[in-house]
Amino acid sequence: TKVFGWSAASFRMAAAAWGLLSLLAFWVVARQISSPITASASALLYSALHLHIAYSRQFFPSTPLLVAPVLALGFYVVGWRRGGWGWFLAGGASLGLALHGYTPGRVEPGVFVIWFAAMALLQNRAFAGWRAMAWFWGGFLLCAGPVILWAMAHHEQYMGLVNQLNAHGGHGLTGYIEGI
């Protein structure tokens, strides 16, 4: 706003930048496991995803949620293929970025926990190992730690924000059912 003034366009630039960054990250991740043409076609389809369009055109703190899990997955894949603890650390830190966005980012670490557990139990060759997991979750705590510590120290205020932003008002499943 200091450079472009107080306009809707200047406020939306940050969201659009996150949206472009998520497309680039998606292409880089897809390129790790496919050809340039397939990666480009996949990124094009990702750009047309309704959620991506909605998040990248609004001024809202949810926009980091687009890039965080994509980068986390990408760094995991690169670390798994090339080795090196730094890739896993970067992957965890990328996932930690999700907690700095909007409150739905709280579910993204759970998705990775379930995914890693499934790989460890069912598809052992795709699991990078426990040392890699330590680096990944260490990176996550490094990035998400400030949010986690603040939520623990100011629990009432944190839950007030969560309940204010949740469509079901913090009433669990019954809140969703009543809202239908």
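Our structure's up above, just so we're on the same page.
Student: Hey, could you go over the layout of surface pockets for me, with residue numbers and the actual values?
Tutor: Taken as a whole, the second largest pocket encloses approximately 160 Å³ of empty space. Lining of the second largest pocket is provided by Pro69, Val70, Leu73, Glu108, Val111, Phe112 and Trp115. Of all elements in the fold, only helix H4 (64-82) and helix H6 (108-122) reach the threshold of two or more residues within the lining of the second largest pocket. Looking at which element gives the most residues to the lining of the second largest pocket, the answer is H6, with four residues.

Student: Hey, could you go over the packing of H6 against helix H7 (residues 130-153) for me, with residue numbers and the actual values?
Tutor: The N-to-C vectors of H6 and H7 enclose an angle of 180 degrees; their axes lie 13 Å apart at closest approach. In terms of axis orientation, H6 runs roughly antiparallel to H7. Only Trp130, Met133, Phe136, Trp137 and Phe140 of H7 make contact with H6, whose side of the interface consists of Pro109, Phe112, Val113, Phe116 and Ala120. Of the residues belonging to the contact of H6 with H7, the class tally is ten nonpolar, no polar and no charged.

Student: So what about the side chain of Ser94? Which residues, and what values?
Tutor: Looking at the secondary structure, you find Ser94 in helix H5 (residues 85-96). Discounting chain neighbours no more than four positions away, the residues touching Ser94 are Ala68, Leu71, Ala72 and Phe75.

Student: Please set out the packing of H5 against H7 residue by residue, giving values where relevant.
Tutor: For the pair H5 and H7, interaxial distance at closest approach is 6 Å and the crossing angle is 40 degrees. By the criterion of interaxial angle, the relationship of H5 to H7 is oblique. The hand of the H5/H7 crossing is right-handed. In this structure, H5 uses Trp85, Phe88, Leu89, Gly91, Gly92, Ala93, Leu95 and Gly96 to contact H7, whose residues at the interface are Ala132, Trp135, Phe136, Trp137, Gly138, Gly139, Phe140, Cys143 and Ala144.

Student: Outline H6, listing residues and values.
Tutor: Compared with the 21 Å implied by 1.5 Å per residue over 15 residues, the 21 Å span of H6 between its first and last C-alpha is a close match. Turning to H6, its buried residues are Glu108, Pro109, Phe112, Phe116 and Met119. Taken end-on, H6 shows its buried residues confined to a sector of 100 degrees, consistent with a single buried face. Facing away from the buried side of H6, by more than 90 degrees, are the exposed residues Val111, Ile114, Leu121 and Leu122.

Student: Give a description of the nonpolar core that names residues and reports values.
Tutor: A general trend in soluble globular proteins is that nonpolar side chains are found buried together. Residues Tyr76, Leu95, Phe112, Phe116, Met119, Phe127 and Phe136 are the most contacted members of the largest nonpolar core, which totals 15 residues. Every element with two or more residues in this core is listed here: H4, H5, H6 and H7. The greatest single-element share of this core, amounting to five residues, is contributed by H7. For Phe116, the contacting residues outside a window of four places in its chain are Tyr76, Phe127, Met133, Phe136 and Trp137. Of all hydrophobic cores here, the second largest spans six residues; its members include Ala25, Val29, Tyr46 and Leu66.

Student: Go over the packing of aromatic side chains, please, and point to the residues and values.
Tutor: Under the criterion given, the structure shown has 14 aromatic pairs. A centroid spacing of 5.2 Å and a plane angle of 40 degrees characterise the contact between Tyr76 and Phe116, whose relative ring orientation is tilted. Placement of Tyr76 in helix H4 and of Phe116 in helix H6 is noted, with a sequence separation of 40 residues between them. Phe116 matches Tyr76 in its accessibility class, with the two residues each being buried. Here a set of aromatic residues connected by ring pairs shows up, and it is made of Tyr76, Phe88, Phe112, Trp115, Phe116, Phe136, Trp137 and Phe140.

Student: So what's going on with H5? Which residues, and what values?
Tutor: Here H5 is twelve residues long and its end C-alpha atoms lie 17 Å apart, about the 16 Å a rise of 1.5 Å per residue gives. Those residues of H5 lying buried are Phe88, Gly91, Gly92, Ser94, Leu95 and Gly96.

Student: Can you break down a nonpolar patch on the surface residue by residue, with the values?
Tutor: A contiguous nonpolar patch, built from Leu21, Leu24 and Val28 and spanning about 240 Å² of accessible area, is present on the exposed surface. In this fold, Leu24 is placed in helix H1 (residues 8-33).

Scoring rules and cut-offs
- Residues numbered from 1 in each chain as written.
- Predicted model: local features only at pLDDT ≥ 70, side-chain atom pairs only at ≥ 80, totals over all residues.
- Heavy atoms only, no water.
- 1 Å grid on protein atoms, 1.4 Å probe; cavity = no way out; pocket = protein on both sides within 12 Å on 5 of 7 lines; lining within 4 Å.
- Points joined across faces, edges and corners; volume = space filled by probe spheres on them.
- Helix = DSSP H or I, 4+ residues; strand = E, 2+ residues; numbered from the N terminus.
- Axes fitted to C-alpha atoms, helices over the stretch in contact; angles between N-to-C directions.
- Parallel < 35°, antiparallel > 145°, perpendicular 65-115°, else oblique.
- Contact = heavy atoms within 4.5 Å.
- Nonpolar A, V, L, I, M, F, W, Y, C, P; charged D, E, K, R; others polar.
- Left-handed = near helix turned anticlockwise from the far one by under 90°.
- Expected span 1.5 Å × (residues − 1).
- Buried < 20%, exposed > 50% of the residue type's maximum accessible area, 1.4 Å probe, protein only.
- Arc of directions from axis to C-beta.
- Core = buried A, V, L, I, M, F, W, Y, C linked by side-chain atoms within 4.5 Å.
- Phe/Tyr/Trp six-rings, centres within 6.5 Å; stacked < 30°, edge-to-face > 60°.
- Patch = residues over 30% accessible without salt bridge, like charges linked within 9 Å, V, L, I, M, F, W, Y side chains within 5 Å.
- Areas by Shrake-Rupley, 256 points an atom, 1.4 Å probe, with all protein chains shown as cover.
- Salt bridge = Lys/Arg side-chain N within 4 Å of Asp/Glu carboxyl O.

Nothing here speaks to function; it is geometry throughout.
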